[in-house]
Amino acid sequence: MKNLSIFLCVACIGFPVTAFGQAYDGWPAYGGAPTGGHYAAFDQINRDNVTRLQRAWEYKSGDAEKFKAGEGRASLEVTPIYNNGLLYGCTTFNRIVALDPETGDEVWSFDPHAGLVADKAQASVCRGVSYWQASAPDEGAPCQKRVFKGDRMGRVFAADADTGKACADFGAGGYVDLTKPEAGGEGRLFLTSPTAVLGDALIIGGAVGDNIEANSPDGVIRALDVRTGALLWRLVTIPDELSDATGGADVWPPFSVDPETNTVFIGTGSPSVDLYGAGRNADIPLANSVLAIDGATGALKWHYQLVHHDLFDFDMPDQPHVVKITRDGRDVNAVIQITKMGMVFAFDRDTGEPLFPIEERPVPASDIPGEQSSPTQPFSVKPEPFSAQTVSRDDIFGFTFWDRGKCRESFDAMRYEGIFTPPSERGSLIFPSPGGGGNWGGAAIDPARNVLIVKAQNFVFTAKLIPDESREQIPSAAPGTMARKMAGTPYKVVGGRWLSPFGVPCNPPPWGELMAIDLDSGDYLWRRPVGQVPFGPFSLFKSFSEWGSPVLGGPIATAGGLIFMAATMDATFRAFDIE
């Protein structure tokens, strides 16, 4: 998808960002500030002039040209950061690029492993880079300002932010292999999301592939010295007694740091294998949880589990947002976590106590032999879920009687008892889906208005467990589907998005929404469909604009009273009035 390998600048401005007591020059971290929030504290662009915005420049990475037609696609999902007077980002083939923010010209490019670009297996999603500069720089010495980036082979690289040359004093001549024991590794690891910088520590998560095998590598959170790459501390999310039976509970999305309290806030994923848990029935408290970690020692300050014994691939998908909100008329230090289940959870940042009630509610039981699914799951009472939670036979969508009937046949053939219906040999509907609800594009927070802006993706997944001894063949995994052997378990799994023969979701629209939530009351201020999907002649229907589009990327909020978001399937960049 060549149009995705582009940085687009509609208006590139250097501006001071003040986020929750900390002042930052520019957009220094993935979430705008190290604390997250996706908030830009500028008002030069506002309701009065936003309609006059024009494209200033565009930058093409060139990575899409490395794929021949029909052989694959290059996807640019990066949120660039602004530091040191430059715009820093990364490309599908792992290059770090520094751009002039006024012209879009490439100032330098760093390719950590140029010899691998011909191998499409080395292409990876890169959602961002991180930046550090010395508080007392050694004048004239290289790498007093550094840009860090991870890759899909478990390595993290350091480049000089001024020149783009490798920082030779970092690890093995410019990189650290995180899969190695001396770096705190446990084997396979890949990084799509940026690392985070807290003081002189580089905080790193990473994905281990929790859907591949029962005993995947354990999830490891670690800190490295930003200058030498030496291991400072590590925290393993899998209990020692379960390490030989399961793994995962990793950290694949971005996370946040709070410089004021020297705390790292992280959302973790599911244990392996994510859709089958009979081999990991014991409690794994740090899986599918929000963690608050001491940035100096790696000690756990508090945690709260939001999915028990995950069988649904309901990882925490977005960085926790560290904010100061008003609750019942008083200021509260808070951390906000959105989930794939379409729920918003708010906690006291210092203690981990919920700021809105959380209830344990009964959920359907698994019928897979040996599986001990959790009898209850946590539900946030307020705010109410931001994504659709149920689908019924009467709700099923279709363009015609025929395709609607096919969806109903599929519905009747599968198991579905509402949210948290477990995978089954019959085949189950999982709604909200592992794609969200909320996903890695996340949410934005306007601290001046005390408002959370979040987008929802509303479509259903299917998951069918097939006994290993069955002669049923696993089909090739087409886009939007899954088909894999879950090594170390007695099952294979097939599934994916629940679509009609026309390739349209069987559940009713809107498939994508955007909404605003008052963080004091937990009430919704507004919600609306967002985006459109091109369905040929069906696009002409009047209701088409109300159907919305699947969305992955997220919004940003500004002090000018605006929300900006792309992320939809109609290749459109939109501005919304936050009120």
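Predicted model only: the values in this text are computed from it and were never measured. (Residues numbered from 1 in each chain as written. Predicted model: local features only at pLDDT ≥ 70, side-chain atom pairs only at ≥ 80, totals over all residues. Heavy atoms only, no water.)

1. Observations regarding the sheet that holds strand 7 (residues 86–90)
Strand pairing in a sheet relies on backbone hydrogen bonds, with the paired strands running either antiparallel or parallel.
Okay, step 1: Overall, antiparallel pairing links the four strands, which are arranged 6-7-8-9 in an open sheet. Two strands bound the open sheet, and with one partner strand each, they are strand 6 (81–83) and strand 9 (106–110). Taking each pair of neighbouring strands and ignoring which way they run, the sheet shows an average axis angle of 25°.
Okay, step 2: Bridge analysis of strand 6 against strand 7 gives three bridges, and the strand direction is antiparallel. By the bridge assignment for strand 7, Tyr 82 is matched with Leu 87. (Pairing = 2+ DSSP bridges. Helix = DSSP H or I, 4+ residues; strand = E, 2+ residues; numbered from the N terminus. Axes fitted to C-alpha atoms, helices over the stretch in contact; angles between N-to-C directions.)

2. Let's talk about the environment of Ala 575
Okay, step 1: In this fold, Ala 575 is placed in strand 37 (residues 574–577).
Okay, step 2: Under the relative-accessibility criterion, Ala 575 is labelled partly exposed at 38%.
Okay, step 3: Spatially, the C-alpha atom of Ala 575 lies 7.7 Å from that of Val 50, the residues being 525 residues apart in sequence.
Okay, step 4: Apart from the residues lying within four places of it in its own chain, the contact partners of Ala 575 are Val 50, Ile 563 and Phe 564. (Buried < 20%, exposed > 50% of the residue type's maximum accessible area, 1.4 Å probe, protein only. Contact = heavy atoms within 4.5 Å.)

3. Details of unusual backbone geometry
Okay, step 1: The peptide bond linking Phe 431 to Pro 432 adopts the cis configuration, its omega dihedral lying at 0°.
Okay, step 2: Inspection of the secondary structure assignment puts Pro 432 in the loop between strand 27 (428–430) and strand 28 (443–446).
Okay, step 3: Here Gly 436 and Gly 437 are connected by a cis peptide whose omega angle stands at 15°.
Okay, step 4: For Gly 437, the position within the fold is in the loop between strand 27 and strand 28.
Okay, step 5: The phi dihedral of Asn 84 is positive, around 55°, even though this residue is not glycine.
Okay, step 6: Locating Asn 84 in the fold gives a position in the loop between strand 6 and strand 7.

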